[in-house]
Amino acid sequence: MIELKNVTCRFGTSVAVDRISLTIETGEVCVLVGSSGCGKSTTLRMVNRLLPLSAGEILVDGENITTMNPEQLRLNMGYVIQGTGLFPHWTVARNVAMVPELLKWPRQRIDERVQELLTLLGLDPAIHAEKYPQQLSGGQAQRVGVARALAADPNILLMDEPFGALDAITRENLQLEMLRIQRQVRKTTVFVTHDIDEALKLATRIAVMDQGRIIQHDTPENILRRPASDFVESLVGKQDRGLKLMSLRRVGDLMQRYPQAAIPEPGEEGVQEDDSLRLALSVMLWQDSGELPVFNGDGAKTGVVTRERIFQAGA
Amino acid sequence: MSSTWSTSDLSPPNRVVSVLALSALVLVWVLNLGTILPNRIVPGTGHGLLSAIGWPGAMLVTAALSGCLLIALLPLRFRYVSLLILVSASLATLPLLLEVFAARHLPENSPYARSSIGSGFWCLLFFLSLMLIEIFGRLGSGRGLQLIVVAVICGSWVWLFQGDGLESLSLVREFNARPDKFEQALWTHLALALGAVTISAGLAFVLALQMIRSVAWRRPVLSVVSFLQTIPSLAVFGLLIAPLSALVEAYPVLQALGIRGIGWAPAMLALVAYSLLPMVRNTYVALTEVPESLADAGRGMGMNERQLFFRLKLPLALPVIVEGVRITTIQAIGLTAVAALIGAGGFGSFIFQGLGQAAMDLVLLGALPTIALALLADALLSMLAASLRPTPATA
């Protein structure tokens, strides 16, 4: 758990972060969102003490971070930045092994861990381990960046616009990867982005920041349904909210399930249980159909979702 | 364009090599290949290509150069491999021209007579070397092949010069008159140049670190080392004589160390002063240009400043620092020759003696090894810098 209590950060006379308080529960993904210069990155960088606090205090699992050795603190926090920050003179394997090496793990354990992590991030160790960062695509490099942050199995993950420099398709893929990995490893994550859609997709709770203050701290659904101010309302897109809410809800929650999963007919098209209602609606509009078959992860047909149900449930 | 020309393994004609070969061909016919001198001082009589080595030799030289010209222009497979073989064979056997020349023209039973290398020969050597460099570039060959070819050529030269046919060459005579002095000059020269480079590298490293640590040092250090660079070298050597003499006078201990107003001490001081600018600038720039995002990532992952320096900044800066060492070394080797004026020794002493005695070949005995040392240092340090480059060149 990370607690920020009345945290302030000043650079000279300007106030970058103004008396914010925020509690991030263990295992949740807290996304700090806001336009550039709103203090979100500054807040993140105070958590691992890359920036000093001007006032207030930050507690990690109840312990005040200013009493801890900064290097020790950071070794237990994975850190992912925009543009990866991979060391160009180190191979992928060595980059991933950075923190375990700093912690002086035995060689064999490091090697095993590197293999494990590259596999987790969908990179074949046999192909990529000995490459240098310049030989990777942007998406691959950022996967390595995430693997490096997870290497020593830290409790906390700090991500500073990690996918900001990637193209839309790669970004989308990495967001899905991150959701998948987060389900597996359950890290307490602070994630900074200026992209509200990214925030809605990834967050357990979102903290909307503006001019160094937290305007609203709530679940994605509540941020959409009950924006605390005009600023938040315009950030989430006033007119667009209905569809955005639908993109938060799974098809699996609204479908009519068969008593027993069936084998799909060949060529039958539909949606996955984990897909969003927004996607299901889009497919229906495109195919001009009132209902769609729903498949589970194994490809078995588990039920149907109908247009009526979706409209009934509403936004 | 016909199909034979556009076949992919046929490279387009090479203009550089053909122009070089043509120039060499013209100059080797126009200029004197060698000179015969009745003794050390008197100017001798020059001999053009034909007179120097006769029809067979002249034809051979012409054939080799025309061959280069044709291979460079005609549509051929393996153009650069054939050129490489032809040019390096020509370079390796070049001293044979001097042997033939001496054998044909040196008067019998005149012990002071000597042969001297003419401008035609130098042109030949120069243009063939340029062709070799161009061919290396076109072949895109690795350092390995280049080293082997250069080693074969150098080996051949050493072997030919140690053999019998060339002892009448005045350059060889000058060497044979003072082999001990030559060796001594070599070591003095190396000790002065490399010593100065080592000291200034250490000093520059400390200064650069200090400049990074505190802004207050930045401008003064850069101004001082830039200022040192602007004083003419001869002036620095001269200017140091008086203060050093006074110092030694005041502290006899220094004299026991071999420090005097003239000699190696002022030379070393001046060389270090000159070496500081490229060293300090390269070291400082290299260390400060490591991207801040990388340092941020390293710091954020839990590296302390020491680890950041040794694992990130220094490895990334090293190729640029070595580049500074390379420039400085070449410069120091050249400047050490001038330092002979204040009695520091080294190859410069031959140059200035030769100038004093109007014996041009003694000047060459000093100048040629100086050039060779500079080229050697350049090659070795370039290789070192290349091997230190962080990653294999990609993309």
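Just so you know, these numbers come straight off a predicted model, no measurement behind them.

Scoring rules and cut-offs
Residues numbered from 1 in each chain as written. Chains lettered and ligands numbered in written order. Predicted model: local features only at pLDDT ≥ 70, side-chain atom pairs only at ≥ 80, totals over all residues. Heavy atoms only, no water. 1 Å grid on protein atoms, 1.4 Å probe; cavity = no way out; pocket = protein on both sides within 12 Å on 5 of 7 lines; lining within 4 Å. Points joined across faces, edges and corners; volume = space filled by probe spheres on them. Helix = DSSP H or I, 4+ residues; strand = E, 2+ residues; numbered from the N terminus. Nonpolar A, V, L, I, M, F, W, Y, C, P; charged D, E, K, R; others polar. Contact = heavy atoms within 4.5 Å. Buried area = accessible area lost by both parts, 1.4 Å probe. Salt bridge = Lys/Arg side-chain N within 4 Å of Asp/Glu carboxyl O. Pairing = 2+ DSSP bridges. Domains from an automatic or database assignment. Buried < 20%, exposed > 50% of the residue type's maximum accessible area, 1.4 Å probe, protein only. Phe/Tyr/Trp six-rings, centres within 6.5 Å; stacked < 30°, edge-to-face > 60°.

Colleague: What am I meant to see in empty space enclosed by the protein here?
Modeller: Gaps left between atoms show up when a probe the size of a water molecule is rolled over them. Residues and elements named next belong to chain A. Counted by the stated rule, this structure contains two cavities of 30 Å³ or more. Reported here for the largest cavity is a volume of approximately 60 Å³. Taken together, Val146, Leu150, Leu157, Met159, Met178, Ile181, Gln182 and Val185 make up the full set of residues lining the largest cavity. Mapped by element, the contributors of at least two residues to the lining of the largest cavity are α7 (138-150), β7 (156-160) and α8 (168-185). Looking at the lining of the largest cavity residue by residue, the classes come out as seven nonpolar, one polar and no charged. Each pocket or cavity is described by its volume, and for the second largest cavity that value is around 40 Å³. Lining the second largest cavity, in full, are Leu121, Val146, Phe163, Leu174, Glu177, Met178 and Ile181. If one sorts the elements of the lining of the second largest cavity by residue count, α8 sits on top with four residues.

Colleague: What is the right way to look at the interface of chain A and chain B in this model?
Modeller: Interfaces are frequently sized by the accessible area removed from exposure as the parts join. In this complex, chain A contributes 23 residues to the contact, which on the side of chain B involves 20 residues. The junction of chain A with chain B conceals about 1,900 Å² of combined surface from both sides, 68% of it contributed by carbon and sulfur atoms. Ranking the residues of chain A by area buried against chain B places Phe87, His89 and Leu102 of chain A at the top, with a combined share of 28%. Taken together, chain A and chain B are joined by one salt bridge. For Arg45 of chain A, the salt bridge goes to Asp296 of chain B, with nearest N and O atoms at 2.8 Å. Elements that contribute at least two residues to the side of chain A that touches chain B include exactly α2 (70-75), β6 (77-81), α4 (98-102) and α7 of chain A.

Colleague: I tried to follow the pairing of strand β10 (residues 213-218) of chain A on my own but got confused; where do I start?
Modeller: All names here are of chain A. With five bridges joining them, strand β9 (residues 205-210) and β10 adopt antiparallel strand pairing. Following the sheet pairing, Asp210 is matched in β10 by Arg213. Counted between consecutive antiparallel strands, the loop separating β9 from β10 contains two residues, among which Gln211 sits at a positive phi close to 50°.

Colleague: I keep staring at the domain arrangement of chain A and nothing clicks. Help me out?
Modeller: One can read the domain layout of chain A as domain 1 (2-246) and domain 2 (250-313). One C-alpha centre belongs to domain 1 of chain A, the other to domain 2 of chain A, and the line joining them spans 33 Å.

Colleague: Would you mind showing me how to read the pattern of salt bridges here?
Modeller: If charged atoms from side chains of opposite charge come close, those side chains can pair. Residues and elements named next belong to chain A. The tally for this structure, following the rule as stated, stands at 27 salt bridges over all chains. Where Glu101 meets Arg94, a salt bridge forms, and the shortest distance between an N and an O atom there is 3.5 Å. With relative accessibility at 35%, the residue Arg94 sits in the partly exposed group. Measuring nitrogen to oxygen at the nearest pair gives 2.9 Å for the salt bridge that ties Arg241 to Glu233.

Colleague: Can you help me understand the packing of aromatic side chains in this one?
Modeller: What describes a pair of aromatic rings is the distance from one ring centre to the other and the angle between the planes of the rings. Residue and element names in this part refer to chain B. Under the counting rule described, the total for this entry stands at twelve aromatic pairs over all chains. Ring centres 5.0 Å apart and planes at 85° place the aromatic pair Phe175 and Phe182 in the edge-to-face group. Residue Phe175 is classed as partly exposed on the basis of its relative accessible area of 31%. Residue classification places Phe182 among the buried residues on the basis of a relative accessible area of 18%. Relative to Phe350, the ring of Phe347 lies with its centre 6.4 Å away and its plane at 45°, an arrangement referred to as tilted. Grouping residues by exposure puts Phe347 and Phe350 together as buried. Aromatic ring contacts, followed pair by pair, group Phe121, Trp122, Trp157 and Phe161 into a single cluster.

Colleague: Help me understand the side chain of Asp18 of chain A, please; the structure alone is not making it clear to me.
Modeller: Residue and element names in this part refer to chain A. If you trace the backbone, Asp18 turns up in strand β2 (residues 14-24). The class for Asp18 is buried, based on a relative accessible area of 19%. When residues no more than four places from it in sequence are discounted, the contact partners of Asp18 are Val7, Thr8, Gly212 and Arg213.

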